[in-house]
Amino acid sequence: MRWRRVVVVGPSMSPALHHGDVVLVRLGAAARPGDAVLVRWASRPAQLSVKRAVRRADDGWWVRGDNPFGTTDSEVLGPAQVVAVVRVRLWPRPGPVPPRR
């Protein structure tokens, strides 16, 4: 498994993650419900998004943004493929990614 730095873009994961946060993800790691994950959508294969894993679905994972007022997630796009699991925020406040409240 490999590691990669990813920059969060947009407000969909606020308050846990904010636009411009840099996170470290583990490519190929197994996701669990509640994990922040890096996903790819079948309908938008060039787009990667950071979302919260909710549950396994037949064709991938049902995911949701933490910010219900500013997210496009499985409610609109259906199940997503998990590419990586977010392990830690590197910048600007290093530390674990808070769980969804």
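Each remark here, short or long, concerns the structure printed above.
Overview of the structure.

1. A look at the side chain of Asn 67
Among the structural elements, Asn 67 can be located in the loop between β5 (60-64) and α1 (74-77). Reaching out from Asn 67, the side chain makes a polar contact with the backbone nitrogen of Phe 69 at a distance of 2.9 Å. Ignoring sequence-local partners within four residues, the contact set of Asn 67 consists of Pro 11, Ser 12 and Ser 14.

2. As for the pairing of strand β6 (residues 80-91)
In the case of a regular strand, side chains alternate between the two sheet surfaces. Across 6 bridges, strand β2 (residues 22-27) lies against β6 in antiparallel orientation. Its bridge partner being in β6, Leu 24 is matched across the sheet by Val 88. Where strand β3 (residues 36-41) and β6 come together, 5 bridges link them in antiparallel fashion. Counterpart to Val 37 in the pairing with β6 is Val 85.

3. Thoughts on the environment of Ser 49
Structurally, Ser 49 is set in strand β4 (residues 44-57). Remark: the alpha-carbon pair of Ser 49 and Ser 12, spanning 37 residues in sequence, is separated by 9.3 Å. With residues near it in sequence (within four places) discarded, Ser 49 still touches Val 37, Leu 38, Val 39 and Trp 41. Of the polar contacts made by the side chain of Ser 49, one reaches the side chain of Trp 41; its length is 3.3 Å.

Calculation rules
Residues numbered from 1 in each chain as written. Predicted model: local features only at pLDDT ≥ 70, side-chain atom pairs only at ≥ 80, totals over all residues. Heavy atoms only, no water. Helix = DSSP H or I, 4+ residues; strand = E, 2+ residues; numbered from the N terminus. Polar contact = N/O pair within 3.5 Å; in protein donor to acceptor, adjacent residues only side chain to side chain. Contact = heavy atoms within 4.5 Å. Pairing = 2+ DSSP bridges.

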